[in-house]
Amino acid sequence: MSGPVVMSRFGLSSAEAAKRLERDGRNLLPAKPPLPLWRRMAGQLRDPLIVVLLVAAVLTAVTGDWTDMVVILLVIVVNTTVGVVQEVRADRAITALSALTAPAARVVRDGAQQEVPAAEVVRGDLLVLAEGDIVPADARVEAAAALLVDESALTGESVPVDKNPGDEVASGTVVVRGRGRAEVYATGAAGAAGRIAALMTTGSAITPLQRRLVGVGRLLAGVTVFLCVVVGALGLLRGQPAELMVVTAISLVVAAVPESLPAVVTLSLALGARRMAARRALVRRLHAVETLGSVTVLATDKTGTLTEGEMVVRRLWTPAAQAALTGSGYGPEGRLDGDAPAEAFAGLLTAAALCNDARLLYGEGKEWRALGDPTEAALLAAAAKLGLDRHDLNIRLPRLAERPFDSVRKRMSTVHRLPGGRVRVICKGAPEVLLRDQVLADGPALSARAAAEAERLADAGYRVLAVAQADLARLPEDTPEAVPETGLRLLGLIAILDPPRAAASGAVAACRGAGIRPVLITGDHPGTARAIAIELGIIPPEGEVVDCRDVLHGQARSTDPVAESGRCAATGLAPESAVLPVAGLTVTAAVYARATPEQKLALIEGMRAGGEVVAMTGDGVNDGPALLHADIGVAMGGRGTEVARQAADLVLADDDLDTVVAAVEEGRRVYANIRRFLVYALSGGATEIAVMLFGPLFGLALPLLPAQILWVNLLTHGLPGVALGGEPADPAEMRRPPRPPGQSILGGGLWQRVIRIAIVLTAVTLGVAVWALYTGRPWQSMAFFALGAAQLGVAVGSRARPGTRANPALLLAVAGALLLQLAGLYVPLLRDLLGTVPLSAGDLLIVAVLSVLGYAAARLDRVLHQEPVPVISEAG
């Protein structure tokens, strides 16, 4: 609940807290009722392709083909089980938000401080906050002493926020420095985490692959049933027995439906998931692997995703010199990059290390981590790179007094004892408050020069600190307010940045090369967003950055003056921009700053509504709704929050963005293999129908018996068809643009390929049968073997990398199926079942040679239908 409360400085009484707990409920997010298992299974079985398989299973039971029925039912069971398991895991997203709530909270009750479970914090409680605490509920600060809160998980802001009396702190944020007391005004679902949870109550719609397979299932069901009815009717007109033609028509229906398709999809996705796991990426939903291959837009958060999530000093400036500083993280590894010697910056970084309350710890994993303000930790790391040890400095110049940082003064000052009894005053803070004549004694010329440099660095996306000091004979008074902050000498400027990840630039370039548009959506400052976007190649230097804070009545302010001048008077937007009415944001820009979780979600939904297939990467709580509603969500598993990990479809355990590019390639491989199987399976099914339809025109009363049709179907659609799902990726795949989101899985020339190959297979089968008929040979058995062998030739000819050892399982499956096809001619038990007779060696050789045309047709068709590899511009 939320609303005004009345609270004394002694906090609530235990009795009042109990009453409010009973009235308002526990400080927990409402749990989503679990979906019954039967409903999950029913949802999976409603898939049109599965419905077709269920009908096929019934028809095989009618014909007594128990082997085919068992295979079909096994495919249905496996597909349904995998789908249900993945759904159960995905439903954990909403419950993960509770992990952000502190397990315990310190509150004042009955006039005394006590610790209570965070779930029992109520509206009106007086929280006691200290460094390292997770804020258990939304509260309003009543008292603060240098209170600094990290809100990056909720807002995306990389710099911790100073909190003063009257400010608000949100549940799930972390106190990084100082202490304070705050009055709770909202708990549970009424708090910040609850509002984000409300955005996560529903997930994304079906994936592009599922959407395409739905269409395929409906099309196959309609066309197959129609053609098989035609075959049955024509047979009856020719005087064939009614029972025989009914069984034949049913057999054709079963044979024409590619019942291995769900198995091929599942195998392809499972192999993709295993490959991704080898690259330390956890696939939480199998269909997510393929979805990445369909992606047209890669929307990404900044802090912790494109950047390291750790502040680093990048530039140093003094009145006499300037240089860059290399290195990453909080470790001491790094060096100066410039002409000036290290001594030129020793005074600046010595002062920055002394006027500092953070600590650096060398902990588990042999990594340095920050304790306290990340900005101050970055200053300590920079000093260490020049060989300045904070501990030694404190021994040489011990601290005597300090004036903590606050948001009004925007600076921090400390006093240190010098050898000989004198004292040194050090002050660091925002350039706009330090570079003034009231503070500095250097004169207006130096202040103006430093201010210009500070503005240049800020425009480049840096957070800039100015550092000044003065040596005095003594400290006037022993109180913080007495620390003098006038008459100081400017030491220089320090520019700090959350740097891009090493792999981020390459990942962005690879996405552009694959025709994927990168989009940055962050809660951070527009200047910082612009700097990172330019450095990574997301936008050119003159590119547009949309400031989401200024969204009003469908308008958003851009930081691009050129775009601003060309805006439409009616909408306030650039003429070529598309507008998402609900959010008032353009969805064609490449960089969005100061975006709230609601705006991130609106942008993702707006892009999807425009026909884009969107992948969203992120690590914070504020990214959760967008991750859940995107076509595919990708979370950072190392630094990322549990909410982001559970909302995502793909979790990068090592936070390596290169893995996203590898996942895109894997997705395209999966989709290509599904299309490869469809060409193989549908051309075979079409051939079987065509042989039965046109055979009588050439004197073949019943070209194939029902049992023969089902046997060929079992061998060709079985292991060889499934093995096609393991084909490797085409080396040119990542140089092609994404497939159009609206394109059918049978589009892009696939159905034409099916027809061309089916024509060749039909000609081979009917040609063998007609020749055998007029030469007195066992024509039906020869047609039976030719049909199966030619289809297996198509399987071999469909390999992605012919002539290599890639995917040996396909060759073994084809060899096994060919042996079983021969067994259908020479094993007495199978001959009786299938109605075949043995072929002579000469007849078998003739049929085998002609069946090679199936392989030739597949290879020639791949050459004729070779997809072009366009040259994709990498310009922004």
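Observations concerning the overall build of the protein chain
Phase 1 of the analysis: Looking only at helices and strands, the protein chain features 30 helices and 28 strands.
Phase 2 of the analysis: The buried share among the 876 residues of the protein chain stands at 55%.
Phase 3 of the analysis: The contacts of the protein chain with a sequence gap of at least 6 include a subset with a gap of at least 24, amounting to 72%.

Considerations on the confidence of the model for the protein chain
Phase 1 of the analysis: Put simply, the protein chain has an average pLDDT of 79, and 78% of its residues get 70 or more.
Phase 2 of the analysis: Across residues 89-102 the pLDDT falls below 50, and counting only partners more than four positions away or on other chains, this stretch makes 36 contacts in the model.
Phase 3 of the analysis: The low-confidence segment residues 552-583 (pLDDT under 50) makes 58 contacts with residues lying over four places distant or belonging to another chain.

Topic: the pairing of strand β27 (residues 632-636)
Phase 1 of the analysis: Counting buried residues in β27 gives 5 out of 5 residues, a clear majority hidden from the surface.
Phase 2 of the analysis: Going residue by residue along β27, you find Ile632, Val634 and Met636 tucked away on one face and Gly633 and Ala635 tucked away on the opposite face as well.
Phase 3 of the analysis: By the bridge criterion, 4 bridges tie strand β26 (residues 614-618) to β27 in an arrangement that is parallel. Bridging across to β27, Gly618 finds its partner in Ala635.
Phase 4 of the analysis: Of the strand pairs in this sheet, β27 and strand β28 (residues 650-652) are connected by 3 bridges, and their pairing is parallel. Looking at β28, one finds that Met636 is bridged to Leu652.

Description of the nonpolar core
Phase 1 of the analysis: Counting 129 residues, the largest nonpolar core has Leu292, Leu488, Ile538, Val591 and Leu650 as its most contacted members.
Phase 2 of the analysis: Sort the elements by how many residues they give to this core and helix α23 (residues 658-694) lands first, with 17 residues.
Phase 3 of the analysis: Listed in part, the 36 residues of the second largest apolar core include Ala321, Ala323, Ala382 and Val467.

Structural notes on the side chain of Ser798
Phase 1 of the analysis: Secondary-structure assignment places Ser798 in the loop between α27 (779-797) and α28 (808-826).
Phase 2 of the analysis: Classification of Ser798 by relative accessible area gives buried; the value is 5%.
Phase 3 of the analysis: Sequence-distant contacts of Ser798, that is, excluding residues within four places in its chain, are made with Arg676, Leu724, Ala858 and Arg862.

Some thoughts on the sheet that holds strand β18 (residues 463-472)
Phase 1 of the analysis: Read from one edge to the other, the open sheet built from 8 strands follows the order β12-β11-β10-β19-β18-β17-β16-β15, with strand pairing classed as antiparallel. Each edge of the open sheet carries a strand with a single partner, namely β12 (336-337) and β15 (399-406).
Phase 2 of the analysis: When β15 meets strand β16 (residues 411-417), the two strands line up antiparallel, connected through 5 bridges. Considered in β16, the bridge of Asp406 is made with Arg411.

Focus on the packing of aromatic side chains
Phase 1 of the analysis: Applying the stated rule across the entire model yields 0 aromatic pairs.
Phase 2 of the analysis: Just above the ring of Tyr671 sits the side chain of Arg739; from NZ or CZ to the centre is 3.4 Å.

Remarks on the pairing of β26
Phase 1 of the analysis: Judged by how many residues are buried, β26 sits mostly within the fold: 5 of 5 residues are covered.
Phase 2 of the analysis: On β26, burial covers both faces: Val614, Met616 and Gly618 on one face and Ala615 and Thr617 on the other are all buried.
Phase 3 of the analysis: Two strands pair when backbone bridges link them, and strand β9 (residues 297-300) and β26 are joined in this way by 4 bridges, in the parallel orientation. Bridged to Ala299 within β26 is Met616.

So, the environment of Ala352
Phase 1 of the analysis: Position of Ala352 among the secondary structure elements: in helix α12 (residues 343-354).
Phase 2 of the analysis: Assessed through its relative accessible area of 0%, Ala352 is described here as buried.
Phase 3 of the analysis: Sequence separation of Ala352 and Ala383 is 31 residues, and the distance between their C-alpha atoms is 7.9 Å.
Phase 4 of the analysis: Discounting chain neighbours no more than four positions away, the residues touching Ala352 are Leu379, Val467 and Ile494.

A closer look at a nonpolar patch on the surface
Phase 1 of the analysis: Together, Trp771, Ile846, Leu850 and Leu853 line one region of the surface with nonpolar side chains, adding up to about 310 Å² of accessible area.
Phase 2 of the analysis: It is helix α30 (residues 841-864) that contributes the most residues to the nonpolar patch, 3 residues altogether.

Re the packing of helix α26 (residues 750-774) against α27
Phase 1 of the analysis: Close contact between α26 and α27 brings their axes to 8 Å; oriented N to C, the two are set at 155 degrees. Viewed along their axes, α26 and α27 adopt a mutual orientation that is roughly antiparallel. Considering how the two elements wind past one another, α26 and α27 form a crossing that is right-handed. Facing Ile757, Leu761, Thr765, Val768, Ala769, Trp771, Ala772 and Leu773 of α26, the residues of α27 in contact are Trp779, Met782, Ala783, Ala786, Leu787, Ala790, Gln791 and Val794.
Phase 2 of the analysis: Per-class residue counts for the contact of α26 with α27 are 14 nonpolar, 2 polar and no charged.

Things to note about unusual backbone geometry
Phase 1 of the analysis: Even without glycine at this site, Arg594 takes up a positive phi of about 55 degrees.
Phase 2 of the analysis: Summarising the element assignment, Arg594 is placed in the loop between β25 (591-593) and α20 (597-609).
Phase 3 of the analysis: Although it is not a glycine, Asn807 adopts a positive phi angle of roughly 55 degrees.

Section: α20
Phase 1 of the analysis: Taking 1.5 Å of rise per residue, the 13 residues of α20 would be expected to cover 18 Å, and the 18 Å separating its terminal C-alpha atoms lies within 8% of that figure.
Phase 2 of the analysis: Where α20 is concerned, the buried positions are Pro597, Gln599, Lys600, Leu601, Ala602, Leu603, Ile604, Gly606 and Met607.
Phase 3 of the analysis: In the stretch just after α20, Gly611 is the one whose phi turns positive, near 95 degrees.

A closer look at the pattern of salt bridges
Side chains bearing opposite charge may pair, as long as their charged atoms lie close to each other.
Phase 1 of the analysis: One pass over the structure, following the stated rule, counts 21 salt bridges.
Phase 2 of the analysis: Here Asp861 ties to Arg756 by a salt bridge, and the two come within 2.5 Å at their closest N and O atoms. Linking Asp861 in helix α30 with Arg756 in helix α26, this pair joins segments that are 105 residues apart in sequence.
Phase 3 of the analysis: A relative accessible area of 4% means that Asp861 is categorised as buried.
Phase 4 of the analysis: For Arg756, a relative accessible area of 35% gives the class partly exposed.
Phase 5 of the analysis: Several salt bridges share partner residues, and in doing so they unite Arg23, Asp24 and Arg123 into one network.

Some remarks on α23
Since one α-helical turn is 3.6 residues long, residues separated by three or four positions face the same way.
Phase 1 of the analysis: The end-to-end C-alpha distance of α23, which contains 37 residues, comes to 53 Å, matching closely the 54 Å that a straight helix rising 1.5 Å per residue would cover.
Phase 2 of the analysis: Burial analysis of α23 places 32 of its 37 residues in the buried class, which makes it a mostly covered element.

Some details on the side chain of Arg675
Phase 1 of the analysis: With respect to the helices and strands, Arg675 occurs in helix α23.
Phase 2 of the analysis: For Arg675, a relative accessible area of 14% gives the class buried.
Phase 3 of the analysis: Residues within four places of Arg675 in sequence aside, it is in contact with Gln743, Ser744, Ile745, Leu746, Gly747, Gly748 and Leu750.

Here's the deal with the state of the cysteines
Phase 1 of the analysis: Counted according to the given criterion, the structure contains 0 disulfides.
Phase 2 of the analysis: The cysteine Cys355 is free of any disulfide, with Cys427 supplying the nearest cysteine sulfur at 6.7 Å.

Quick word on the packing of α26 against α30
How two helices pack is summed up by the angle between their axes together with the distance between the axes.
Phase 1 of the analysis: In the contact formed by α26 and α30, the axes pass within 10 Å of each other and the chain directions differ by 170 degrees. With respect to α30, the element α26 is oriented roughly antiparallel. By crossing handedness, the relation of α26 to α30 is classed as right-handed. Counting all contacts with α26, which are made through Arg753, Arg756, Ile757, Val760, Leu761, Val764, Val768 and Trp771, the residues of α30 involved are Ile846, Val847, Leu850, Leu853, Gly854, Ala857, Ala858, Asp861 and Arg862.

A few points about the environment of Gly624
Phase 1 of the analysis: If you trace the backbone, Gly624 turns up in helix α21 (residues 624-629).
Phase 2 of the analysis: Judged by its relative accessible area of 0%, Gly624 falls in the buried class.
Phase 3 of the analysis: Sequence spacing of Gly624 and Lys600 is 24 residues, and the spatial spacing of their C-alpha atoms is 9.6 Å.

A few points about the environment of Leu491
Phase 1 of the analysis: Following the sequence through the fold, Leu491 ends up in strand β19 (residues 489-497).
Phase 2 of the analysis: For Leu491 and Val467, which are 24 residues apart along the polypeptide, the C-alpha to C-alpha distance reads 5.6 Å.
Phase 3 of the analysis: The residues touching Leu491, leaving out its near neighbours within four places in the chain, are Trp317, Thr318, Pro319, Gly347, Leu348, Ala351, Val467, Ala468 and Gln469.

How each quantity is defined
- Residues numbered from 1 in each chain as written.
- Predicted model: local features only at pLDDT ≥ 70, side-chain atom pairs only at ≥ 80, totals over all residues.
- Heavy atoms only, no water.
- Helix = DSSP H or I, 4+ residues; strand = E, 2+ residues; numbered from the N terminus.
- Buried < 20%, exposed > 50% of the residue type's maximum accessible area, 1.4 Å probe, protein only.
- Contact = heavy atoms within 4.5 Å.
- pLDDT = per-residue confidence, 0-100.
- Pairing = 2+ DSSP bridges.
- Core = buried A, V, L, I, M, F, W, Y, C linked by side-chain atoms within 4.5 Å.
- Phe/Tyr/Trp six-rings, centres within 6.5 Å; stacked < 30°, edge-to-face > 60°.
- Lys NZ or Arg CZ within 6 Å of the ring centre and 35° of its normal.
- Patch = residues over 30% accessible without salt bridge, like charges linked within 9 Å, V, L, I, M, F, W, Y side chains within 5 Å.
- Areas by Shrake-Rupley, 256 points an atom, 1.4 Å probe, with all protein chains shown as cover.
- Salt bridge = Lys/Arg side-chain N within 4 Å of Asp/Glu carboxyl O.
- Axes fitted to C-alpha atoms, helices over the stretch in contact; angles between N-to-C directions.
- Parallel < 35°, antiparallel > 145°, perpendicular 65-115°, else oblique.
- Left-handed = near helix turned anticlockwise from the far one by under 90°.
- Nonpolar A, V, L, I, M, F, W, Y, C, P; charged D, E, K, R; others polar.
- Expected span 1.5 Å × (residues − 1).
- Disulfide = S-S within 2.5 Å.

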